[in-house]
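A look at the structure
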Amino acid sequence: MGKLTVRALRAVLVVVLAGTVFVQALMAWALISGSDPEDGSLPLTPLRVITILGIGTAQVALVCVWRLVTMVRRGTVFSHAAFRYVDVTIGAIVAAALVWFAVTAMNAPDQRDDPGVTLIMGGIGVAILGVALIVLVLRMLLAQAVARDVEAAQMQAELDEVI
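What you see as residue numbers is a count from 1 along each chain, following the sequence as written. Where totals are concerned, whole chains, interfaces and linings use all residues; where local detail is concerned, this predicted model gives features only for residues with pLDDT of at least 70, and gives and counts side-chain atom pairs only at 80 or more. As a rule here, side-chain values come from all non-hydrogen atoms in the structure, and water together with hydrogens is ignored.

**Overview of the pattern of salt bridges**
Side chains bearing opposite charge may pair, as long as their charged atoms lie close to each other. Basic side-chain nitrogens of Lys or Arg form a salt bridge, by our definition, when they fall within 4 Å of a carboxyl oxygen of Asp or Glu. Taken as a whole, this structure holds one salt bridge when the rule is applied. Here Arg-139 makes a salt bridge to Asp-87, at a shortest N to O gap of 2.5 Å. Taken together, the residues Arg-139 in helix H4 (residues 115-162) and Asp-87 in helix H3 (residues 81-107) connect sequence positions 52 residues apart. With a 1.4 Å probe rolled over the protein chains alone, any residue whose accessible area is under 20% of its type maximum counts as buried; one over 50% counts as exposed, and the rest are partly exposed. Arg-139 gets classed as partly exposed once you look at its relative accessible area, which sits at 24%. Classification of Asp-87 as partly exposed rests on a relative accessible area of 36%. Secondary structure counts use DSSP, requiring at least four H or I residues in a row for a helix and at least two E residues in a row for a strand, with both numbered from the N terminus.

So this is what it looks like as structure tokens:
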């Protein structure tokens, strides 16, 4: 991975992380101040808590991606230490899907006249779970690469003994 690519990705990660922290702070402030909607139609307190938790899942994934990029840059990504970050990323994505399903369930009673919105929101939750499955497949590829790297190191050691 080139330096420019790493810098660009890190810049994007910093901007997204800063934005999510800002939104979380606004949500926490609104939660503490107790401001309600003018017409009182939505239960904003649970939605704000869910939003704060959902953003937290994204932040966890961002930090894990940062750590993985650091490992790639150092050439240590093909090690067992990388699995920790990939596993946490998968967990964060699954948690985000569960948070999204909670939002969908809270929104569903208001959508009785138009259940298509609830179906679309449910479909988005399934798509989020699909992303977790994609990362799981990538984890399996990482496991194969780590196994090949260990095997290659053993063969090199045997070859060095013969020579």
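Here the narrative resumes, following the displayed structure.
**Focus on the packing of aromatic side chains**
In this scheme Phe, Tyr and Trp rings, the latter by its six-membered ring, pair at centre separations within 6.5 Å, and the angle between planes marks the pair as stacked below 30 degrees, edge-to-face above 60, and tilted otherwise. All chains considered together, the criterion is met by zero aromatic pairs. Of note, Arg-10 hangs over the ring of Trp-66, and the distance from its end group to the ring centre comes to 4.9 Å. Only lysine NZ and arginine CZ atoms are considered, and such an atom sits over a ring when it is within 6 Å of the ring centre and within 35 degrees of the ring normal.

**Overview of H4**
Spanning 48 residues, H4 covers 71 Å between terminal C-alpha atoms, matching the ideal 70 Å at 1.5 Å per step. Within H4, the full set of buried residues consists of Met-121, Gly-122, Gly-125, Ala-132, Val-135, Leu-142 and Val-146. Check the buried side of H4 and you find it contacts H3. Multiplying 1.5 Å by the residue count of a helix minus one yields the expected span of that helix. Residue contacts follow a heavy-atom distance rule, with two residues in contact if any of their heavy atoms lie within 4.5 Å.

**Let's talk about the nonpolar core**
Definition of nonpolar core: a set of buried residues of the types Ala, Val, Leu, Ile, Met, Phe, Trp, Tyr and Cys, connected through side-chain atoms within 4.5 Å. Ranked by size, the top nonpolar core spans 14 residues in total, and within it Leu-68, Met-71, Ala-82, Val-86 and Leu-142 carry the most contacts. For this core, the secondary-structure elements that each account for two or more residues are helix H2 (44-74), H3 and H4. Among the elements that line this core, the one with the most residues is H3, at six residues. Excluding anything up to four places from it in sequence, Met-71 contacts Thr-76, Val-77, Ser-79, Ala-81, Ala-82 and Tyr-85.

**Quick look at the layout of surface pockets**
In this analysis a 1.4 Å probe is tested at points of a 1 Å grid over the protein atoms alone, and where it fits but cannot get out there is a cavity; an open set with protein on both sides within 12 Å along at least five of seven lines is a pocket; lining residues have an atom within 4 Å of a point. Grid points are joined across faces, edges and corners, and a volume is the space filled by probe spheres set on the points. Empty space within the largest pocket amounts to approximately 320 Å³. In terms of lining, the largest pocket is formed by 13 residues, of which the most central are Leu-68, Val-77, Val-86, Leu-138 and Leu-142. Listed by contribution, the elements that provide at least two residues to the lining of the largest pocket are H2, H3 and H4. The class makeup of the residues in the lining of the largest pocket is eleven nonpolar, one polar and one charged. Taken as a whole, the second largest pocket spans an internal volume of roughly 220 Å³. Lining the second largest pocket, in full, are Gly-54, Ile-55, Thr-57, Ala-58, Ala-61, Leu-62, Val-65, Thr-89, Ala-92, Ile-93 and Ala-96. Residue polarity is assigned by list, with Asp, Glu, Lys and Arg as charged and Ala, Val, Leu, Ile, Met, Phe, Trp, Tyr, Cys and Pro as nonpolar; anything else, Gly included, falls into the polar class.

**Details of the confidence of the model for the chain**
Any residue range with low pLDDT should be treated as having predicted coordinates unsuitable for detailed reading. Model confidence for the chain is summarised by a mean pLDDT of 89, while 94% of its residues fall at 70 or above. Averaged pLDDT values over the elements of the chain bottom out at 91 in helix H1 (residues 3-33) and peak at 95 in H3. What pLDDT expresses is the predictor's confidence in each residue, scored from 0 to 100.

**A look at the packing of H2 against H3**
Contact pair H2 / H3: the axes reach a minimum separation of 9 Å and the direction vectors enclose 160°. Classified by the angle their axes make, H2 and H3 are roughly antiparallel. Classified by chirality, the crossing of H3 by H2 is left-handed. Among the residues making up the contact of H2 with H3, the classes are represented as 20 nonpolar, three polar and one charged. Interaxial angle, 0 to 180 degrees, is taken between N-to-C directions of lines fitted to C-alpha atoms, where a helix line uses only the stretch in contact. The scheme is simple: roughly parallel for angles under 35 degrees, roughly antiparallel for over 145, roughly perpendicular for 65 to 115, oblique for anything else. Note: crossing handedness is left-handed where the near helix turns anticlockwise from the far helix by less than a right angle, and right-handed where it turns clockwise.

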